[in-house]
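# Inside the fold
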Amino acid sequence: MSGFRGSVSITAVSQTPFSRGRVDRGEPRLTPKEYCAWALEELLKSAGLELKDLKGQGVGVMGSEYPHSEIWSPELVQDLGLEPKVLVRADQGGTNAAALVVQGALMIHAGYIDHFLIVGADSPLLGGPGPTWDYDTDFMRPLGYMGPISVAAQLMRRYVHESGARPEHFGKVAVTERLHASLNPKAYFRAPMSMEDYLNSRVLSDPMRMFDVTPFVNGGFAILLSSSRVARRVAENPVPILGFGEYHNYREGRPFAPEITTTGVKVAAAEAYSMSGTSPREIDNFHPYDDFTVAVLMQIEDAGFAEKGKAPKFLDENDISYKGNLPINTSGGLLSAGQAGMACGCLHIVEAVMQLRGECGERQVKGARRALVTAIGGIGYHGHFVNAAALILGAE
């Protein structure tokens with residue numbers, strides 16, 4: 001898209017502490033609406049704004065696993081006291097946050113609004129999520145599939161067959177992300193994890209182990225996009241959006257037997273690189289959506305850091321810790337910071353912004369200037385991820 005690069009910036013972000021509702025540990029049991037209010041309050045405070053400053057601007061709301069509400073976005077803006085000129089809702093799973101960034105950025109770039117507020121929260125541990133797909137109850141559970149883990153395990157098996165990946169490759173992702181979580185005060189799972197711990201963890205659905213899967217948490221986020229023309233009125237150090245891409249239901253290979261280990265990130269990241277005028281070599285911190293460890297390996301390839309099937313070799317030869325040559329998910333990712341239901345994709349964007357602002361403390365990537373966030377969502381009936389997006393953020 002001509003002329004977009006840097007025309008929109010992320011000017012403020014916030015994240016509430018995560019909880020699993022353990023009242024025996026003094027943890028809060030809050031609803032998604034309460035988490036949204038908390039995250040919005042923290043964002044306004046950090047940016048020195050009031051609700052009236054966002055009147056007549058844009059708002060994007062993420063769907064939640066609990067509760068399932070068909071009129072969730074108007075209910076939420078009413079209760080939060082927001083008065084947007086435009087209101088949109090995302091229901092694309094792990095791609096929710098990135099998709100809303102794209103929509104908000106397009107509206108700001110077009111001159112329709114100056115600011116776009118994204119709010120997302122979920123409390124999946126307050127109650128079980130409702131059915132995600134019609135065919136989950138119609139065609140999958142009757143045959144023994146027990147939700148996304150069963151489908152992802154088959155995808156993981158396919159990836160191992162194609163790439164020759166060993167358990168230690170997936171373990172490197174899990175162990176490194178736990179290291180990062182141990183340095184992140186807002187991560188929920190911070191206890192040390194060794195490779196031995198990973199390899200000895202319980203198999204949930206062969207070959208997927210417990211530490212290959214994200215644990216649910218309750219929590220909320222808020223993100224503010226602003227026209228770069230007015231961004232410095234809100235933030236001293238706004239983070240420009242250099243490029244983006246989005247693609248859904250990408251299929252490579254035969255129509256009814258697609259290559260399920262390739263995601264739409266392949267298209268979305270290529271578009272983001274083109275729009276931003278950058279390449280994988282210029283990315284110094286990478287934040288791929290990580291509901292499963294295998295998804296990280298797939299996105300390493302689809303984002304251009306390794307050829308298809310070569311992510312295991314990439315992991316053998318590279319350091320993905322915050323001190324390494326390509327730090328990955330320095331927040332601890334969903335695997336260790338925790339997955340806040342349908343709002344979880346915000347975690348990667350918030351962490352990328354904080355890295356570029358130099359606000360990550362002990363886990364700070366030295367000299368961070370370019371971040372890539374990739375998002376995937378909706379692991380479908382065919383075993384492939386339906387939704388995908390990519391964002392490139394960085395200093396000009």
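Preceding this paragraph is the structure being described.
Okay, so let's go over this structure. In this text, all values refer to a predicted model and were calculated from it rather than measured experimentally.

### Quick look at the overall build of the protein
- Secondary structure assignment for the protein yields 12 helices and 13 strands.
- For the protein, the C-alpha radius of gyration of 20 Å lies close to 21 Å, the compact-globule estimate for 396 residues.
- In terms of overall dimensions, the protein has C-alpha extents of about 55 × 45 × 45 Å along its principal axes.
- Taking all 396 residues of the protein together, the buried fraction comes to 60%.
- Contacts in the protein between residues at least 24 apart in sequence constitute 76% of all its contacts with a sequence separation of at least 6.
- Roughly 15900 Å² of accessible area belongs to the protein as shown, and the carbon and sulfur atoms make up 51% of that amount.
- In the protein, the 37 positive side-chain charges and the 44 negative ones have mean positions that sit 3 Å from each other.

### As for the pattern of salt bridges
- If you walk through the whole model with that rule in mind, you get 15 salt bridges.
- Between Asp24 and Arg22 there is a salt bridge, and its shortest N-O distance comes to 2.6 Å.
- Using a relative accessible area of 31% as the deciding quantity, one classes Arg22 as partly exposed.
- A single network of salt bridges, built from pairs that share partners, joins Lys33, Glu75 and Asp79.

### Side note on the packing of helix α1 (residues 32-47) against helix α2 (residues 72-80)
- It is at 11 Å that the axes of α1 and α2 come closest, and there the two elements cross at 50°. For the element pair α1 / α2, the angle class is oblique. Seen along the crossing, α1 lies across α2 with a hand that is right-handed. Contact residues: Pro32, Lys33, Cys36, Ala37 and Leu40 in α1; Trp72, Glu75, Leu76, Asp79 and Leu80 in α2.
- Across the contact of α1 with α2, the residue classes break down as 7 nonpolar, no polar and 3 charged.

### Some points on the side chain of Thr95
- Along the polypeptide, Thr95 turns up in the loop between β3 (86-90) and α3 (96-109).
- On the basis of relative accessibility, which here comes to 0%, the residue Thr95 falls in the buried class.
- Setting aside anything within four residues of it in sequence, one finds Thr95 in contact with Ala375, Ile376, Gly377, Asn387, Ala388 and Ala389.

### Describing the packing of aromatic side chains
- The final tally for this structure, using the stated rule, is 7 aromatic pairs.
- Between the aromatic rings of Tyr159 and Phe170, the centroid separation amounts to 6.4 Å while the plane-to-plane angle is 65°, which identifies the pairing as edge-to-face. Of this pair, Tyr159 sits in helix α5 (residues 148-163) while Phe170 sits in helix α6 (residues 167-182), and the two are 11 residues apart along the sequence. With respect to burial, Tyr159 and Phe170 carry one shared label: buried.
- Summarising the aromatic geometry, the rings of Tyr247 and Tyr250 are spaced 5.8 Å apart at their centres and angled 80° between planes, so their arrangement reads as edge-to-face.
- On the basis of relative accessibility, which here comes to 37%, the residue Tyr247 falls in the partly exposed class.
- Over the ring of Tyr112 we find Lys85; its NZ or CZ atom is 4.3 Å from the centre of that ring.

### Here we look at the pairing of strand β8 (residues 239-248)
- Taken across its 10 residues, β8 has 7 buried, putting it largely inside the fold.
- In terms of strand pairing, strand β1 (residues 8-15) meets β8 through 2 bridges, oriented antiparallel. For Ile10, the partnering residue across the bridge sits in β8 and is Val239.

### So, the sheet that holds strand β7 (residues 219-227)
- Read across the open sheet, the 9 strands follow the order β3-β2-β4-β7-β1-β8-β13-β12-β11; overall the sheet is mixed. Of all the strands in the sheet, the pair left with one neighbour each is β3 and β11 (285-288). Along the sheet, successive strands turn relative to each other by an average axial angle of 25°, direction set aside.
- In the sheet, strand β2 (residues 58-62) pairs with strand β4 (residues 115-122) via 4 bridges, with the strands oriented parallel. Across the sheet, residue Val59 finds its bridge partner in β4, namely Leu117.

### What to know about the environment of Gly377
- Here Gly377 shows up in strand β12 (residues 370-379).
- You can call Gly377 buried: its relative accessible area is 2%.
- Placed 10 residues apart in sequence, Gly377 and Asn387 show a C-alpha to C-alpha distance of 4.9 Å.
- If near-sequence neighbours (up to four positions away) are discounted, Gly377 is found in contact with Gln92, Gly94, Thr95, Phe385, Val386 and Asn387.

### Quick notes on the nonpolar core
- Counting residues in hydrophobic clusters, the biggest one holds 103 residues, and the most contacted among them are Ile300 and Phe305.
- The contact partners of Phe305, leaving out residues within four places of it in the chain, are Tyr273, Pro280, Ile283, Phe286, Ile300, Phe314, Leu326 and Leu372.
- In terms of nonpolar packing, the next biggest core, distinct from the first, is built from 24 residues, Cys36, Ala39, Leu80 and Val119 among them.

### Focus on α2
- Restricting attention to buried positions, one finds in α2 the residues Trp72, Ser73, Leu76, Val77 and Leu80. Projected onto a plane normal to the axis of α2, the buried residues spread over an arc of 120° and lie on a single side.
- Buried positions along α2 lie against α1, β2, β3 and β4.
- Positioned one or two residues after α2, Gly81 has a phi angle of 80°, which is positive.

Here is what the cut-offs are and how they apply
Residues numbered from 1 in each chain as written. Predicted model: local features only at pLDDT ≥ 70, side-chain atom pairs only at ≥ 80, totals over all residues. Heavy atoms only, no water. Helix = DSSP H or I, 4+ residues; strand = E, 2+ residues; numbered from the N terminus. Rg over C-alpha atoms; globule rule 2.2 N^0.38 Å. Buried < 20%, exposed > 50% of the residue type's maximum accessible area, 1.4 Å probe, protein only. Contact = heavy atoms within 4.5 Å. Areas by Shrake-Rupley, 256 points an atom, 1.4 Å probe, with all protein chains shown as cover. Lys, Arg positive; Asp, Glu negative; His and termini not counted. Charge placed at Lys NZ, Arg CZ, Asp CG, Glu CD. Salt bridge = Lys/Arg side-chain N within 4 Å of Asp/Glu carboxyl O. Axes fitted to C-alpha atoms, helices over the stretch in contact; angles between N-to-C directions. Parallel < 35°, antiparallel > 145°, perpendicular 65-115°, else oblique. Left-handed = near helix turned anticlockwise from the far one by under 90°. Nonpolar A, V, L, I, M, F, W, Y, C, P; charged D, E, K, R; others polar. Phe/Tyr/Trp six-rings, centres within 6.5 Å; stacked < 30°, edge-to-face > 60°. Lys NZ or Arg CZ within 6 Å of the ring centre and 35° of its normal. Pairing = 2+ DSSP bridges. Core = buried A, V, L, I, M, F, W, Y, C linked by side-chain atoms within 4.5 Å. Arc of directions from axis to C-beta.

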